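# Understanding the architecture of this molecule
Residues per chain, in single letters:
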Amino acid sequence: MKETLASNFEKIYSQKPEVFAQAPGRIEFIGNHTDYNGGYTMGAAIDRVVMVALAKRTDTLLCFASAKSGEIVKIDLKDIKKQPREYNWVNYPLGVFKFLLEAGMKADTGFNMLDMSNLPAGSGLSSSAAIELSTAFALCKLYGFECDLKTKVRIGRKCENLFVGMPCGILDQGVSGFGKKDALVFIDCKSEEFSNAPLPQECKFWLFNSTKKHALVDGMYEARHNECMEAAKILSEGGEDRLLREFSIADLEAKKDKMSANAYKRAKHIIEENRRVLEAKKALEADDIKTVGKLMVASHESSRDLFENSCPELDFLVAEAVKNPHVYGARLSGGGFGGAVLALTDKDFCETDAQKIAEAYQNKFGLKPAVFACSAGDGAKNI
Ligand code: ADP
Ligand code: MG
């Protein structure tokens, strides 16, 4: 991929790229919507990436090209502002550049950029974090700016929250940054501490993309975010403002009558999901993969019934997957409202098993799901 990216770069810009970086997509292993509630979550970087190539220009233009669009978008570095909907993809690398400048990076001249990817966009694998992190690594190298991994991760999230306008937590950027081959990334989202949890060698990830994306998915994500904040505000009454992470089910039950039915359900999901993440981590450390699988299914059921971010397509894929004896557990992975289902399987689960699930899905919904196996890969880096 790097060679193709380099030769395409030369064709487009008549110049050789000076730096390359890549960042992986991620799966959300367990811990659904817990991140922006200051809770716990676990994910894994996968072996599919967004790769970027950059070279400096002599003028002050920032030029963005993507293998997907084929068009060059030019912006003056003295006039950085959010791009309109048709060029929304530019907001990811542009926002990262903007916040790196705010963090102290010096750039007197602009750059040419081209990206390439083998990571499907918009399907819950966080291609957005992958483009943010790969751009952050490439820009720091190009302009000689020293900054640690956590800072790059935070800048990626800041770009998504404040520039693109998506109120996501730290999971996506954290996992794309801190991913490790054959391991999970455990995140304490309150202290923003990242560590690795063991992943048994004999396990595999299989992803079933429902190919269904709710048209209002960003708005629905925001609605869930707001309901969680509403619940946290009510639970915090009489004290300092705290996130849902700080409360127990007993705290919630005591204030049930003070909040809307939706706020109660969302909060119940978050509080119980935090507990499931901690239990899953313990079970992984004890090599008790069956318990991990059960917790994944319980997580899905809670997303379905309490957080209400599943849909019939995802529920069906989970139900079909867990019928297979080689599947330890399955759940929706990512924001929800469409997107992908993750199945954790033993090493004997094979393509034929996956196709059986895909066929059942196609017969029911008339949609062909994209199916692929992946393993836990390394985090973002210069290449
Ligand atoms: P996800 O992060 O789950 O893939 P999002 O909706 O958060 O879904 O982000 C997808 C968006 O990220 C795309 O619509 C596009 O704007 C941007 N994006 C993803 N990959 C690339 C890429 N390789 N090049 C340019 N933009 C990309
Ligand atoms: Mg995203």
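Residues numbered from 1 in each chain as written. Chains lettered and ligands numbered in written order. Predicted model: local features only at pLDDT ≥ 70, side-chain atom pairs only at ≥ 80, totals over all residues. Heavy atoms only, no water.

Attention shifts here to the layout of surface pockets. In this model, the second largest pocket occupies a volume close to 150 Å³. In terms of lining residues, the second largest pocket is bounded by 14 residues, among which Asp35, Tyr36, Gly38, Arg157 and Leu243 are the most central. For the lining of the second largest pocket, the elements supplying multiple residues, two or more each, are α4 (149–164) and α6 (217–236). In this structure, the lining of the second largest pocket is formed jointly by two domains, domain 1 (2–199) and domain 2 (204–374), each of which donates at least three residues. (1 Å grid on protein atoms, 1.4 Å probe; cavity = no way out; pocket = protein on both sides within 12 Å on 5 of 7 lines; lining within 4 Å. Points joined across faces, edges and corners; volume = space filled by probe spheres on them. Helix = DSSP H or I, 4+ residues; strand = E, 2+ residues; numbered from the N terminus. Domains from an automatic or database assignment.)

Ranked by size, the top nonpolar core spans 78 residues in total, and within it Phe29, Met42, Phe111 and Phe205 carry the most contacts. For this core, the element with the most residues is helix α3 (residues 127–142), which contributes nine residues. Summarising the domain contributions, this core has at least three residues from each of domain 1 (2–199) and domain 2 (204–374). Other than its neighbours up to four places away in sequence, Phe111 contacts Leu54, Ala55, Lys56, Arg57, Leu61, Leu62, Cys63, Phe64, Phe97, Leu139, Leu142 and Tyr143. (Core = buried A, V, L, I, M, F, W, Y, C linked by side-chain atoms within 4.5 Å. Buried < 20%, exposed > 50% of the residue type's maximum accessible area, 1.4 Å probe, protein only. Contact = heavy atoms within 4.5 Å.)

This part takes up the packing of helix α2 (residues 88–102) against α4. Put simply, α2 and α4 touch, their axes get as near as 9 Å, and they point 115° apart. Judged on the interaxial angle alone, α4 and α2 are roughly perpendicular. The way α2 lies across α4 gives a crossing that is right-handed. From α2, Asn91, Tyr92, Leu94, Gly95, Val96, Lys98, Phe99, Leu100 and Glu102 reach across to α4, where they touch Ile155, Lys158, Cys159, Glu160, Leu162, Phe163 and Val164. (Axes fitted to C-alpha atoms, helices over the stretch in contact; angles between N-to-C directions. Parallel < 35°, antiparallel > 145°, perpendicular 65-115°, else oblique. Left-handed = near helix turned anticlockwise from the far one by under 90°.)

Right, let's talk about the pairing of strand β9 (residues 327–333) for a bit. For β9, the tally of buried residues reaches six of seven residues, placing the bulk of the element in the interior. Both β9 and strand β10 (residues 338–345) contribute to a ladder of six bridges, which runs antiparallel. In the sheet register, Ser333 faces β10, and the bridge partner there is Ala340. (Pairing = 2+ DSSP bridges.)

This part takes up the sheet that holds strand β11 (residues 370–374). Pairing is antiparallel in the open sheet, where four strands are placed in the order β9-β10-β8-β11. The outermost strands of the open sheet, each flanked by one partner alone, are β9 and β11. Averaged over all pairs of adjacent strands, the angle between their axes in this sheet comes to 20°, without regard to strand direction. Where strand β8 (residues 204–213) lies against β11, five bridges are found, and the strand directions are antiparallel. Bridge pairing in β11 places Phe208 opposite Val371. Across the sheet, helix α10 (residues 312–323) touches β8, β9 and β10, and the angle it forms with β9 is around 170°.

Considering all chains together, one arrives at twelve aromatic pairs under this definition. Between the aromatic rings of Trp206 and Phe349, the centroid separation amounts to 5.2 Å while the plane-to-plane angle is 65°, which identifies the pairing as edge-to-face. Note that Trp206 is positioned in strand β8 and Phe349 in the loop between β10 and α11 (351–365), a separation of 143 residues in sequence. You'll find Trp206 and Phe349 in the same group, each marked buried. Summarising the aromatic geometry, the rings of Phe316 and Phe365 are spaced 5.6 Å apart at their centres and angled 80° between planes, so their arrangement reads as edge-to-face. Separated by 49 residues along the polypeptide, Phe316 in helix α10 and Phe365 in helix α11 bring together distant segments of the chain. Connected via pairs of aromatic rings, a cluster forms that spans Phe64, Phe97, Phe111 and Tyr143. (Phe/Tyr/Trp six-rings, centres within 6.5 Å; stacked < 30°, edge-to-face > 60°.)

Viewed as axis vectors pointing N to C, helix α9 (residues 289–307) and α10 meet at an angle of 160°, and their least axial separation amounts to 11 Å. As far as their axial angle goes, α10 and α9 are roughly antiparallel. The chirality of how α9 crosses α10 is left-handed. Residue-level contacts link Val297, His300 and Arg304 of α9 to Leu314, Asp315, Val318 and Val322 of α10. Here the contact of α9 with α10 is built from residues that sort into four nonpolar, one polar and two charged. (Nonpolar A, V, L, I, M, F, W, Y, C, P; charged D, E, K, R; others polar.)

What follows deals with the domain arrangement of the chain. Under the domain assignment used here, the chain contains domain 1 (2–199) and domain 2 (204–374). In this structure, domain 1 and domain 2 have C-alpha centres spaced 25 Å apart. With 37 residues of domain 1 at the contact, the number on the domain 2 side is 44 residues. Summing the contributions of domain 1 and of domain 2, the shared interface buries around 3300 Å²; its carbon and sulfur component is 67%. When the buried surface of domain 1 facing domain 2 is broken down by residue, Phe29, Asn32 and Asn37 rank first, second and third, together holding 19% of it. The interface formed by domain 1 and domain 2 includes three salt bridges. (Buried area = accessible area lost by both parts, 1.4 Å probe. Salt bridge = Lys/Arg side-chain N within 4 Å of Asp/Glu carboxyl O.)

With respect to the helices and strands, the residue Lys255 is situated in the loop between α7 (249–254) and α8 (261–285). When the C-alpha positions of Lys255 and Ala231 are compared, they lie 9.3 Å apart, and in sequence the two are 24 residues distant. Those residues in contact with Lys255 that lie beyond four places of it in its chain are Ile234, Leu235 and Glu237. In terms of polar contacts, Lys255 uses its side chain to reach the backbone carbonyl oxygen of Leu235, at 3.5 Å. (Polar contact = N/O pair within 3.5 Å; in protein donor to acceptor, adjacent residues only side chain to side chain.)

Another point: the side chain of Asn91. Residue position: Asn91 is located in helix α2. Residues within four places of Asn91 in sequence aside, it is in contact with Lys82, Gln83, Cys159, Phe163 and Val164.

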